[in-house]
Amino acid sequence: MNSEMTDMTQNPAPLIGFIGLGHMGGHMSANLIAAGHRLLVHDLNAVAEQRLVDLGAERADSIAALAAACDVVITMLPGPPQVEAVIREMAPLLRPDAVWVDMSTSTPAAARVVDELLAERGVSRLDAPVSGMAKGAASGMLQIFVGGEATVLARVRPLFDVMGDPERVLHVGGLGAGYTVKLMINQLWFSHLVATAEVLTVGVKAGVDLGVLHTSLLASPAASSFLANDLPSVFGGDYDESFAMKLACKDLGLSIDLGRDVGVPTPLSAHVEQIYRTALAKFGPDAGEMIPVRLAEEYAALELRQAKAAEVAA
């Protein structure tokens, strides 16, 4: 990459590589194309690749070819094993002064495996995982948690501002901090879901109308973004299949592993993980990430279904 890439606003047409075109990456890369960025894409799924080619991207025949050609490489992969495998393949081929941005939910250890080689080649990296689900990726309103040097973030900030809400692109610390913040957010969200499912099913089973209970929670000190914005989909029977249980359980495991690595007990998180794994075993790996609510519904022999509850939340 030439020195002009120091500031992407000075060179509006660097070549951006994007690896991982699934539920999230497909939308994120499409938004980059729509904003006028040149994209070279690669995915094991040829259909996903073609979808982006149809929008104006170029197709890379291999990870190696993409790494050698691009000024910035973005990865959006299922987890640490895939991140480690891809960066090991890319690292010897990335251009001097290139930037690797990993937007996967992963761990610092998976990225550190090639730090020495990246440094020797003058390649910078950022960890920048996201929140906002597939709908946030589609709308370009993701929240992005960036770990790494501020100067590197400044270089690629125009890309983040396309994929995410510019007001919620947060620099959270050095390398690895982005991964950590995302894991903690996921852990709290999953814990909130399990607790909310228990509260609603107990309350409804005890005779309180679901709409009234939901409205009361929203008006109370227990109100949250989860109750207002995420939960109402369940009232219509949608358990959010855009994010699969196999990935939710992977993230829960990573969070608990991190607690173990830093020597902090996580008994509540471990219990939430077991509830999620019970739901995974019962409903399958491709069930939606909110399917533990259905598990609670079955325990209570009821369904959390009321149109007026969804209307109140809307």
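It should be emphasised that the depicted structure is a prediction, and the values quoted were computed from it without experimental measurement.

S.K.: Go over the overall build of the protein, please, and point to the residues and values.
M.R.: A tally of helices and strands in the protein yields 16 helices and nine strands. Whereas a compact globule of 314 residues would reach a radius of gyration of roughly 20 Å, the protein reaches 21 Å, a difference of no more than 12%. Along the longest, intermediate and shortest principal axes, the C-alpha atoms of the protein span 65 × 45 × 35 Å. Counting every position in the protein, which comprises 314 residues, the buried fraction comes to 52%. Long-range pairs, those at least 24 residues apart, make up 69% of the contacts in the protein between residues at least 6 apart in sequence. Just so you have it, the protein exposes about 13,600 Å², and 57% of that area is on carbon and sulfur atoms. Charge-centre separation for the protein: the mean point of 22 positive side chains lies 3 Å from the mean point of 36 negative side chains.

S.K.: Which residues make up the confidence of the model for the protein, and what are the values?
M.R.: Residues with a pLDDT of 70 or more make up 94% of the protein, whose mean pLDDT is 92. A low-confidence stretch, residues 1-7 (pLDDT under 50), is modelled with 16 contacts involving residues beyond four sequence positions or located in other chains. Per-residue pLDDT stays below 50 along residues 308-314; that stretch engages in eleven contacts with residues further than four places along the chain or on separate chains.

S.K.: Describe the pattern of salt bridges, listing the residues and the values that go with them.
M.R.: In total, this model carries 14 salt bridges according to the counting rule given. Note that glutamate 297 is salt-bridged to arginine 305, the shortest N-O span being 3.1 Å. A residue is classified by how much of its surface remains accessible, and glutamate 297, at 3% relative accessible area, is buried. Among the residues examined, arginine 305 registers a relative accessible area of 27% and is labelled partly exposed. Members of the salt-bridge network, linked through shared partners, are Lys282, Arg294 and Glu298.

S.K.: Provide a residue-level description of helix 9 (residues 177-205), including the pertinent values.
M.R.: Along its 29 residues, helix 9 runs 42 Å from first to last C-alpha, staying within 8% of the 42 Å computed at 1.5 Å per residue. Looking one or two places after helix 9, you find glycine 207, whose phi comes out positive at around 110°.

S.K.: Can you tell me about the packing of aromatic side chains, naming the residues and giving the values?
M.R.: If you walk through the whole model with that rule in mind, you get three aromatic pairs. Between tryptophan 189 and phenylalanine 190, the aromatic rings sit 5.7 Å apart at their centres with planes inclined by 80°, giving edge-to-face as the arrangement. Accessibility expressed as a relative area gives 17% for tryptophan 189, which makes it buried. You can call phenylalanine 190 buried: its relative accessible area is 3%.

S.K.: Give a detailed account of the pairing of strand 1 (residues 15-19), specifying residues and quantitative values.
M.R.: Of all the five residues making up strand 1, five are buried; the element is thus mostly covered by neighbouring parts of the structure. The two faces of strand 1 match: Leu15, Gly17 and Ile19 on one face and Ile16 and Phe18 on the other face are all buried. Taken together, the five bridges between strand 1 and strand 2 (residues 38-42) define a ladder with parallel strand orientation. Following the sheet pairing, phenylalanine 18 is matched in strand 2 by valine 41.

Cut-offs and rules
Residues numbered from 1 in each chain as written. Predicted model: local features only at pLDDT ≥ 70, side-chain atom pairs only at ≥ 80, totals over all residues. Heavy atoms only, no water. Helix = DSSP H or I, 4+ residues; strand = E, 2+ residues; numbered from the N terminus. Rg over C-alpha atoms; globule rule 2.2 N^0.38 Å. Buried < 20%, exposed > 50% of the residue type's maximum accessible area, 1.4 Å probe, protein only. Contact = heavy atoms within 4.5 Å. Areas by Shrake-Rupley, 256 points an atom, 1.4 Å probe, with all protein chains shown as cover. Lys, Arg positive; Asp, Glu negative; His and termini not counted. Charge placed at Lys NZ, Arg CZ, Asp CG, Glu CD. pLDDT = per-residue confidence, 0-100. Salt bridge = Lys/Arg side-chain N within 4 Å of Asp/Glu carboxyl O. Expected span 1.5 Å × (residues − 1). Phe/Tyr/Trp six-rings, centres within 6.5 Å; stacked < 30°, edge-to-face > 60°. Pairing = 2+ DSSP bridges.

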